[in-house]
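So you can see what is in the structure, the chains are spelled out below.
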Amino acid sequence: MGPDQRAQLDGFSLFLPFPSRVAVILLAGFWGWGANVHRLQQHNIDLLALIRYRTSQSSNQRLPHVSAYRFAGLLTFPLILSLLIFWPVTHGSREWVETVDYIPQAYLFILFIILLLPLNRLSRSGRRRFLATLRRISIGGLAEPQDGKFGDILLADALTSYAKVIADLVVTFCMFFSSDTSSTSKPDRHCGSDYVVPLVIALPSMIRLRQCLIEYVRVRRTSMKNGSSGGQHLANALKYASAFPVIALAATLRNYSPFLFYGISEVTLSRLLYFFTLINSSYSFYWDITKDWDLTLFSEARNDNEYPFGLRRFRHFTDQQYYMAIAIDFAIRFSWMWKFFPGLSWVGDTEFGLFLLMFLEVARRWMWVFLRAEAEWIRNSRGPAPHDILLGEYNGKLDAD
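Conventions adopted
Residues numbered from 1 in each chain as written. Predicted model: local features only at pLDDT ≥ 70, side-chain atom pairs only at ≥ 80, totals over all residues. Heavy atoms only, no water. Axes fitted to C-alpha atoms, helices over the stretch in contact; angles between N-to-C directions. Helix = DSSP H or I, 4+ residues; strand = E, 2+ residues; numbered from the N terminus. Parallel < 35°, antiparallel > 145°, perpendicular 65-115°, else oblique. Left-handed = near helix turned anticlockwise from the far one by under 90°. Contact = heavy atoms within 4.5 Å. Nonpolar A, V, L, I, M, F, W, Y, C, P; charged D, E, K, R; others polar. pLDDT = per-residue confidence, 0-100. UniProt positions renumbered as here; feature names shortened; annotations may be inferred. Buried < 20%, exposed > 50% of the residue type's maximum accessible area, 1.4 Å probe, protein only. Disulfide = S-S within 2.5 Å. Core = buried A, V, L, I, M, F, W, Y, C linked by side-chain atoms within 4.5 Å. 1 Å grid on protein atoms, 1.4 Å probe; cavity = no way out; pocket = protein on both sides within 12 Å on 5 of 7 lines; lining within 4 Å. Points joined across faces, edges and corners; volume = space filled by probe spheres on them. Phe/Tyr/Trp six-rings, centres within 6.5 Å; stacked < 30°, edge-to-face > 60°.

**Digging into the packing of helix H3 (residues 18-42) against helix H7 (residues 102-116)**
- Put simply, H3 and H7 touch, their axes get as near as 8 Å, and they point 30° apart. By the angle between their axes, H3 is roughly parallel relative to H7. Here the hand of the crossing between H3 and H7 comes out left-handed. Listed contacts from H7 to Pro 19, Ser 20, Ala 23, Leu 26, Leu 27 and Phe 30 of H3 are Pro 104, Gln 105, Tyr 107, Leu 108, Leu 111 and Leu 115.
- Classifying every residue of the contact of H3 with H7 by side-chain character gives 10 nonpolar, 2 polar and no charged.

**A short note on the confidence of the model for the protein chain**
- Here the protein chain shows a mean pLDDT of 89. Residues at 70 or above account for 88%.
- Least confident of the elements in the protein chain is helix H1 (residues 3-6), whose mean pLDDT is 44; most confident is helix H16 (residues 319-333), at 98.
- Confidence drops under a pLDDT of 50 for residues 1-7, and excluding neighbours within four residues, the segment shows 14 contacts in the predicted structure.

**With respect to the UniProt feature "transmembrane region" (unreviewed entry) in the protein chain**
- The feature "transmembrane region" (unreviewed entry), as annotated in UniProt, sits at residues 12-33, 68-90 and 102-119 in this numbering.
- Secondary structure within residues 12-33 divides into 91% helix and 0% strand; the distance between the first and last C-alpha atoms comes to 27 Å.
- Overall, residues 68-90 shows 100% helix and 0% strand. The separation of its end C-alpha atoms is 33 Å.

**Brief notes about the environment of Asp 188**
- Turning to its location among the elements, Asp 188 is positioned in the loop between helix H10 (163-176) and helix H11 (196-221).
- Judged by its relative accessible area of 33%, Asp 188 falls in the partly exposed class.
- Here Asp 188 is in contact with Val 171 and Met 175, once residues within four sequence places are set aside.

**Some thoughts on the packing of helix H14 (residues 243-254) against helix H15 (residues 266-292)**
- Close contact between H14 and H15 brings their axes to 9 Å; oriented N to C, the two are set at 155°. In this view, H14 runs roughly antiparallel relative to H15, as classed from their interaxial angle. Pair H14 / H15 crosses with left-handed handedness. Side by side, H14 and H15 meet where Ala 243, Pro 245, Val 246, Leu 249, Ala 250, Thr 252 and Leu 253 of the first sit next to Glu 266, Leu 269, Ser 270, Leu 272, Leu 273, Phe 276, Thr 277 and Asn 280 of the second.

**Describing the state of the cysteines**
- Inspection of every chain in the model, using the stated rule, returns 1 disulfide.
- The disulfide partner of Cys 174 is Cys 191, and the S-S distance across this bridge is 2.0 Å. Judged by the sign of its S-S torsion, about -85°, the bond between Cys 174 and Cys 191 is left-handed. A residue pair is termed long-range when its members are at least 10 positions apart, and Cys 174 in helix H10 and Cys 191 in the loop between H10 and H11 qualify at 17 residues.
- On the basis of relative accessible area, Cys 174 is assigned to the partly exposed category, the value being 24%.

**Here's the deal with the nonpolar core**
- Counting 36 residues, the largest nonpolar core has Ile 25, Leu 26, Phe 30, Leu 75, Tyr 107, Leu 108 and Val 165 as its most contacted members.
- Put simply, the parts of the chain that give this core at least two residues each are H3, helix H5 (64-90), H7, H10, H11 and helix H18 (351-382).
- Excluding anything up to four places from it in sequence, Tyr 107 contacts Ala 23, Leu 27, Leu 75, Thr 76, Pro 78, Leu 79 and Ser 82.
- The next biggest cluster of nonpolar side chains, apart from the first, holds 29 residues, and it includes Ala 49, Phe 317, Phe 334 and Trp 377.

**Things to note about empty space enclosed by the protein**
- Tallied over the entire structure, the rule returns 1 cavity of 30 Å³ or more.
- When its volume is computed, the largest cavity comes out at roughly 60 Å³.
- If you trace the largest cavity, you find it lined by Phe 18, Arg 21, Val 22, Ile 25, Val 165, Asp 168, Arg 189, Glu 351, Leu 354, Phe 355 and Met 358.
- For the lining of the largest cavity, the per-class residue count stands at 7 nonpolar, no polar and 4 charged.

**Comments concerning unusual backbone geometry**
- The phi angle at Arg 52 is positive, at roughly 60°, despite the residue not being glycine.
- Within the secondary structure, Arg 52 sits in the loop between helix H4 (47-50) and H5.
- Relative accessible area serves as the criterion here: at 19%, Arg 52 is assigned to the buried category.
- Even without glycine at this site, Asp 294 takes up a positive phi of about 60°.
- Its place among the elements puts Asp 294 in the loop between H15 and H16.

**Some words on the packing of aromatic side chains**
- In this structure the tally under the stated criterion is 25 aromatic pairs.
- On the numbers, 4.6 Å between centres and 35° between planes, the contact of Phe 330 with Phe 334 is tilted.
- An angle of 75° between the planes, with centres 6.3 Å apart, marks the rings of Trp 336 and Phe 340 as edge-to-face.
- Overall, Phe 340 belongs to the partly exposed group, its relative accessible area being 45%.
- An aromatic cluster is present here, built from Tyr 274, Phe 285, Tyr 286, Phe 298, Phe 330, Phe 334, Trp 336 and Phe 340 joined pairwise through their rings.

Below, the structure is given as structure tokens:
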């Protein structure tokens, strides 16, 4: 590890080292889940009932969101402690930042230990449900509707937003156990192999793709009863498949060599990347609005006089919140277009810019959960929207409990 490598560390990396940046975004998911449960409950939407998670009804049982906040706080405390130790030890010195990489990296070990500890006081039932769901969906599995299928879908969709964060998590451990670098050096996203990171990024989309195909097969098995062809699930699978050309082309450009791609210029590959990224972003944005949130912005019913333009009849939030959600979803889905604006090169060239993009994507998913859960609640309590492609999936109202 020479001086030139240490010189590549910027002020942001000296303040918030690479492992800690990964930890911050991971923790945002736990705090976000507590906020989802809490705020949806205030709007009379029982998210835990939607995912078929049964809680104890004893009088001394904490409210679900309180338990979620408590667990998130428990995970946050050692991170804060590690930073309070890291800052005085390093004093902003590049050499010391790279030397004591074990301090911020240790937190990631602590995080996994807390998640796996079989202690009742540490939200054991919630952790067991989370780990069981994660284990099931890790190979693209999908529970039956009565066993918590919606929870499987929420977590798998969340993983797609965490894809780059998970890839960075893998990179931190690769660098930590590497003999010629440290996990607090400038991130080496080629650590291990040029194609490890792209494969990790693609994995969540593969998981959701397989889940969509499982749903398609299930619908086809019962198609004689409900008349559904299951085509909506193939369309959903195609949405996730559209991410693969983007991932593959981005990896190809990072490792571009004219000797390996004879006859295909770097400019041509860049244009292909922008083309497939535009398709993926547009398709995903359309699906968020029309299929996941049941809004009518892109359907013929958008001008219906019974409700505001582009929304729907039954709503639990204010009209302004829906319009704001649409705008935010669009902005973050198309945030890759910063490349076309002068003065924004720092977004892709600095660790702060990359951290900001990943954090915004996680924030977008957190916002997405509110409207996705609301749409599912309305489908179960009032029936699917007339334009909803998931009509064939409707299984009746939620259980009374």
